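Residues per chain, in single letters:
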Amino acid sequence: MTTIRRKKKLPSSDRNAILAKLFLSVAFLWSMFVLFGSGSHAPEIIHDFKEKSSFAGSKGSDESANVVAGAGKGDVGGVRGAGAKVEKSGSNDNAVPILDKGHVTSDKEETISKDAFDFEEEYEAEDEKIKPLKPLRQTNVDIISTAPMVDLTFVDAADNYDEDPHRGATDENGEFGYVHDEKALKRNPPGFSSSKTDVHCDNHDNNYKVLTEKVFVDLQSHQKREREAEQDGGRPREKIFCTVYTIEKNHDKIQPIRETWGQRCDGFMVASDKTDKDLGTVNIPHEGPEEYHNIWQKVRSIWSYVYDNYYDEYDWFHIGGDDLYILVENLRLYLESEEVQLAANGGTYLPNGKEKEQIPLFLGRRFAEQGNYERIFNSGGSGYTLNKAALKSLVVTAFPVCMPHLKTFAEDVMVAQCLRNKIKVFPFDTKDDEGGERYMPFQPGHHLTYRAPADKKSDWYANYSINIKFGLDHMSAQSVAFHYIKPPLMKRMHAILYGHCA
């Protein structure tokens, strides 16, 4: 998980009290040294001070550290300032910084209890608790409230790869054990060769209207984040693994994906029923026949393969069909947003990079099945996105006990049901601040013209949708995905969005 690091300062009231206390104590020690020098009375007076001072530890000098009675810059009289080093007294494991500046001989060093510096440990724990600019919407607070924190450590769930859904993939010769090179497309991306004539740039239809008047790829913010990530100590970008599922007879749809959005993912794979290394397709066998009415079993094996082979390398995992178009830059920016990062970290503080646990997040276009708000799922049309905790929960915890042998086409409904019933994870509300949807289940032009009928139940989209707007307001300006995008429209959308029609 990417992180934001900031220092939280010690509250001024506490800091001033500690500074005053330390200053008085050091001043007293110094006056004793000046008054008595290194004479025979000094050790007795210093010993008496250590026994009676409020700075002294209750267990005496065995649990204390040496501090120079000298001056320095920084918090608490220079204890945390530049030039400080750490030393230990005797067998004591609790170390307190010693100032290099002004260091005198050891018989003039005075011992005070580590208790005076307990505030450091307290505030180090608070150091990187980063509050967001604004809290989560109450809807999403409620959504994540039931989800458990999930340990992000990889757990082997393959059981020797003997049974579905963990049998793995086969190579071009049908041999099991094949691991697809998911970075090959990003390393060697094909060019976008379509001309303005090919993509009909002069056709100003409703798709064109949406992509020129509302939806855009936020390249400016994307490039800014790229520059920040390249700087020393910069926050790295979120890594996205994209999966498309298809069958061999539809392999002609894959090259347009490779030429447009596929190469913008950090990892990319096409799950199919035939492995073709040149095209990037992978045969991932599954229980039951290869047919539309058995997509649930296909997706169970796909997600298991992704978890088994790529879990540790990526932060987010997106899946959809071969008629999907993803605006990858917008998706990445959304996943890096405070809203999403905050939710994944429990909803109160932003992550600081030290987290070993995460709230499972299930992102997509929310639908209420048959209008039932107790059965909300993410539509598979525009695809849905899982973070690491959600992927692990789905594959390791839910799959073995959630309809493992069911035959159905409704894989999106089943994924939501398994996450809901077995993990208490519900689809996250991915609308933007204006109520626009980010994951769009139809072509751009369709969303522009759609209006709900008076009787919502007479139209499945109106019945399934949750508090939608209409026209251009229906879509977020930074939408992340569209559905029902055939190859010609895919190239045309890409040309419009990335300036090839200019």
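Refer to the structure printed above.
Each value, and the rule that gives it
- Residues numbered from 1 in each chain as written.
- Predicted model: local features only at pLDDT ≥ 70, side-chain atom pairs only at ≥ 80, totals over all residues.
- Heavy atoms only, no water.
- Helix = DSSP H or I, 4+ residues; strand = E, 2+ residues; numbered from the N terminus.
- Buried < 20%, exposed > 50% of the residue type's maximum accessible area, 1.4 Å probe, protein only.
- Areas by Shrake-Rupley, 256 points an atom, 1.4 Å probe, with all protein chains shown as cover.
- Core = buried A, V, L, I, M, F, W, Y, C linked by side-chain atoms within 4.5 Å.
- Contact = heavy atoms within 4.5 Å.
- Phe/Tyr/Trp six-rings, centres within 6.5 Å; stacked < 30°, edge-to-face > 60°.
- Lys NZ or Arg CZ within 6 Å of the ring centre and 35° of its normal.

(A) Structural view of the overall build of the protein. Assigned secondary structure in the protein consists of 17 helices and 18 strands. The burial tally for the protein puts 51% of its 502 residues in the buried class. Put simply, the protein shows about 23,900 Å² of open surface, and 49% of that area lies on carbon and sulfur atoms.

(B) Quick peek at the nonpolar core. Core analysis: the largest hydrophobic core is formed by 108 residues, its most contacted members being Trp261, Met269, Trp303 and Leu361. Looking at which element gives the most residues to this core, the answer is helix α10 (residues 295–310), with 9 residues. The contacts of Met269, once residues within four sequence positions are left out, are His180, Phe241, Cys242, Thr243, Val244, Gly280, Val282, Ile284, Ile302, Tyr305, Val306 and Tyr310.

(C) Highlighting helix α13 (residues 388–398). Of all 11 residues in α13, 9 are buried; the element is thus mostly enclosed. For α13, the set of buried residues is Lys388, Ala389, Ala390, Leu391, Lys392, Ser393, Leu394, Val395 and Ala398. Summarising the contacts, the buried residues of α13 are in contact with β5 (150–151), α10, β11 (316–321), β13 (357–358), β17 (384–387) and α14 (411–423).

(D) Looking closely at the packing of aromatic side chains. If you walk through the whole model with that rule in mind, you get 24 aromatic pairs. Ring geometry for Trp460 and Tyr461: centres 5.7 Å apart, planes at 75°, overall edge-to-face. Classification of Trp460 by relative accessible area gives partly exposed; the value is 45%. One aromatic cluster in this structure is built from Phe367, Phe377, Phe442, Tyr450, Trp460, Tyr461, Tyr464, Phe470 and Tyr484. Sitting above the plane of the Tyr498 ring, Arg264 keeps its charged end 4.0 Å from the centroid. Above the face of the Tyr311 ring, Lys388 is positioned so that its terminal group lies 4.1 Å from the ring centre.

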